[in-house]
Amino acid sequence: MPSTPPIVDSITQLWHRFQGGDERALGELARQYYPSLYNYGIRLLTDPETVKDAIQDLFMELWRQRTALPEVQFVRTYLLKSLRYKLSRRRQRYWLLDTDDLFESQLPSQTCYETQCIEEEEQNQQLYQLNQLISALSRRQQEIIYLRFFQELDNAEIAQVMNIDKRSVANLVSKTLAQLRAQWLYSSLLLLSRLVFPL
Amino acid sequence: MLSDRLTSILSESMKAYRRYKADEFVADESFQRWQTGRSPQDTAFWEQWKLDNPDCLGELQRAERLLTSLRLQYPDDLTPATIEQETRKLVSWALESDQLTQPTRVRPLITPWRWAAAACVLVGLSVGGWYYQHQRPQRAISSPAPPTVAAGLQERVNNSAQPVNVLLSDGSLVVLGPKSRLSYPQRFGSPARAVYLTGEAFFEVVKNPARPFLVYTTQTVVKVLGTSFSVRADGASPVRVAVRTGRVSVYGRLDYETAQRAASRRVRGLVLTPNQQAIYSPAVDTWQRSLVEEPLRLESEAPSQRQTFEEAPVARILATLERSYGVDLVFDEEGLARCPLTTSFVEENLLERIDIVCQAIGASYEVLDGQIVITSQRCH
């Protein structure tokens, strides 16, 4: 999950120091945005080594061109967009939600009888089902949902990253969520929320 | 404080929200900002709305749950260690390329994290810079051309009177002497790691038997697997290669490159063992072997190998290491001012020395952001 973005001021300072040639700023920038970039990268490209190389290249290019870079207000959007562009130029293009293995490994192997165990199992089931629903969406929908709810970009930022119209983004988000809702099992959700969020 | 217009807009949306289903909340940007804690205004609004509309609580909770479930859909295998590693590679590279454009700024470039795995070897290479004057029939050399390497070559020129550190992409360190020049690829290609030297330099080569390290000079080629040696080729005296530890192969450049091109495994050269040295005569294209007369200590040598401490407070040992290697060490100066330690270092690299100290006092260390942070208990 991406870390909560720090307040705007310190990002601006960081970016300025970066442009000014401070290598430590480069390090801080890379460290801070690496989780976001990596997670996005492997959705688009799957091979971790290729993704890591691409991220290295990305930062190296930015560093080389640091004096010529624009004043960036939203660094994360800028980085994600640049990475997307970089990866889009490769021949393989995937949109991977996640491998089934990851979810399977989270499901308990044996049935358990204790309440907590049952809860966890249900929770995992829910996540797995949602995963299946999302996988059935179009690639574009999946990417928008990802950028919105994992990267926590707003519609305007998504529009920038994916280079599409902002209104299309907003429409697609509502439409997709409505679609998910129609298939989502509400009763179990309610049960879960009572157990997990005690009133 | 709010204008009337703003108030009426707000109350409109407040009413609209009452009809919302979970997915509509989730689609709403303001709701998401509240849930992710990114906006005080949205938080204030929604907390209030929640209080004002208790009958909508169920739908709100379903929305929260859906939002969380969506976020959890995207695990990855990234570890903090990977982030650290990748970040450090980047910073090393930036420091290096920065030095290229500002050759007068000399900065220590030692990154211990690479050396932990290396049999640290000190190599002093000084290589002759004068051009090969003598010509043999059918073997004319006009100007030596470096063999192709993976990427374009970078060049570090040291015009100052102080040595300059150059960190290579495999973690090897070159201490480039005054009035010297080193050409090297940004990233080593395969299978060999090749650099080109004019002047004098000291090498600390990361051991890699699968990828021999080659130092080309105008006239010679020195091949290293991971050893300590020095080479002097400054144009004023004959090229000299002397070995401290390990084995080094030396060749005349023409012979080496001819053999390479012919894909021949047999190259006429010389293998030097510890305490041996060889001097190259370009006129006759031969090496003269002899014993090293005295231990080689160049001005541009990396920090002294041998360090002995007798009942020295750990804080002082660490301070000494810090000075010798030019790397920032972060440690509890007061807390470690009283533990005496007796130890001596001979060939260990910096990380190995710190490791030894830490083991002795039950401390741990970590490389963070270009510094080494040592965590210890106060000693009595």
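Scroll up for the structure.
Each chain has its residues counted from 1, running along the sequence as written. Each chain is given a letter, starting from A, and each ligand a number, starting from 1, according to the order in which they appear as written. Selection of residues for local features in this predicted model requires a pLDDT of at least 70, selection of side-chain atom pairs for listing and counting requires 80 or more, and totals for whole chains, interfaces and linings are taken over all residues. Each side-chain value is worked out from all heavy atoms of the structure, with water and hydrogens disregarded.

A. Seen up close, the packing of helix H3 (residues 29-36) of chain B against helix H5 (residues 57-71) of chain B. Residues and elements named next belong to chain B. Only C-alpha atoms enter the line fits that serve as axes; for helices the fit covers just the stretch in contact. Angles between N-to-C directions range over 0 to 180 degrees. For helices the rule is a DSSP run of H or I covering at least 4 residues; for strands it is a run of E covering at least 2, with both sets numbered from the N terminus onward. Direction vectors running N to C along H3 and H5 enclose 75 degrees, while the axes themselves pass 11 Å from each other. On the basis of their axis angle, the class for H3 and H5 is roughly perpendicular. For the pair H3 and H5, the contacting residues are Phe31, Gln32, Trp34, Gln35 and Thr36 in the first and Leu60, Ala63, Glu64, Leu67 and Arg71 in the second. Residues are grouped as follows: nonpolar covers Ala, Val, Leu, Ile, Met, Phe, Trp, Tyr, Cys and Pro; charged covers Asp, Glu, Lys and Arg; every other residue, Gly included, is treated as polar. A breakdown of the residues in the contact of H3 with H5 according to their chemical character gives 5 nonpolar, 3 polar and 2 charged. Should an angle fall under 35 degrees it is taken as roughly parallel, and over 145 as roughly antiparallel, whereas 65 to 115 is taken as roughly perpendicular and any remaining angle as oblique. Two residues qualify as a contact provided that any one of their heavy atoms is within 4.5 Å of a heavy atom in the partner residue.

B. Here's a closer look at the packing of aromatic side chains. Stacked, tilted and edge-to-face pairs are distinguished by plane angle, under 30 degrees for stacked and over 60 for edge-to-face with tilted covering the rest, among Phe, Tyr and Trp rings (Trp via its six-membered ring) whose centres lie within 6.5 Å. This model, assessed by the stated rule, comprises 27 aromatic pairs over all chains. For the pair Phe309(B) and Phe345(B), a centre-to-centre distance of 6.1 Å together with 70 degrees between the ring planes defines the contact as edge-to-face. With Phe309(B) in strand E15 (residues 307-313) and Phe345(B) in strand E17 (residues 340-345), the pair connects residues that are 36 residues apart, well separated along the chain. Here the two residues Phe309(B) and Phe345(B) agree in accessibility, since each one is buried. Through a chain of ring-to-ring contacts, the aromatic side chains of Tyr17(B), Tyr20(B), Phe25(B), Phe31(B), Trp34(B), Phe45(B), Trp46(B) and Trp49(B) assemble into a single cluster. As a reminder, the over-ring test applies to NZ of lysine and CZ of arginine, requiring each to be within 6 Å of the ring centre and within 35 degrees of the ring normal. One cation-aromatic arrangement involves Arg66(A) over Trp63(A); the distance from NZ or CZ to the ring centre is 3.9 Å. Working definition: with a 1.4 Å probe on protein chains only, accessible area under 20% of the residue-type maximum means buried, over 50% means exposed, and in between means partly exposed.

C. Up close: the interface of chain A and chain B. Counting residues at the interface gives 58 residues for chain A, matched by 44 residues for chain B. Buried area: the sum, over both parts, of the accessible surface (1.4 Å probe) that disappears when the two are put together. Carbon and sulfur atoms supply 60% of the area that chain A and chain B bury against each other, a total of about 4,900 Å² over both sides. Sorting the residues of chain A by area buried against chain B places Glu23(A), Arg31(A) and Phe149(A) first, and these three jointly supply 14% of that buried surface. A pair is scored as a salt bridge if a Lys or Arg side-chain nitrogen falls within 4 Å of a carboxyl oxygen belonging to Asp or Glu. Here chain A and chain B share 2 salt bridges between them. A salt bridge links Glu152(A) to Arg71(B), with the nearest nitrogen and oxygen atoms 3.5 Å apart. In protein, a polar contact means a hydrogen-donor-capable atom and an acceptor-capable atom, both N or O and within 3.5 Å, with residues adjacent in sequence counting only if both atoms are side-chain atoms; elsewhere, any N or O pair within 3.5 Å suffices. On the surface where chain A and chain B come into contact, there are 12 residue pairs in polar contact (both at pLDDT 80 or more). Within the residue set of the side of chain A that touches chain B, elements represented by two or more residues are helix H2 (23-45), helix H3 (48-64), helix H5 (100-106), helix H6 (115-135), helix H7 (139-149), helix H8 (155-162), helix H9 (166-183) and helix H10 (186-196) of chain A.

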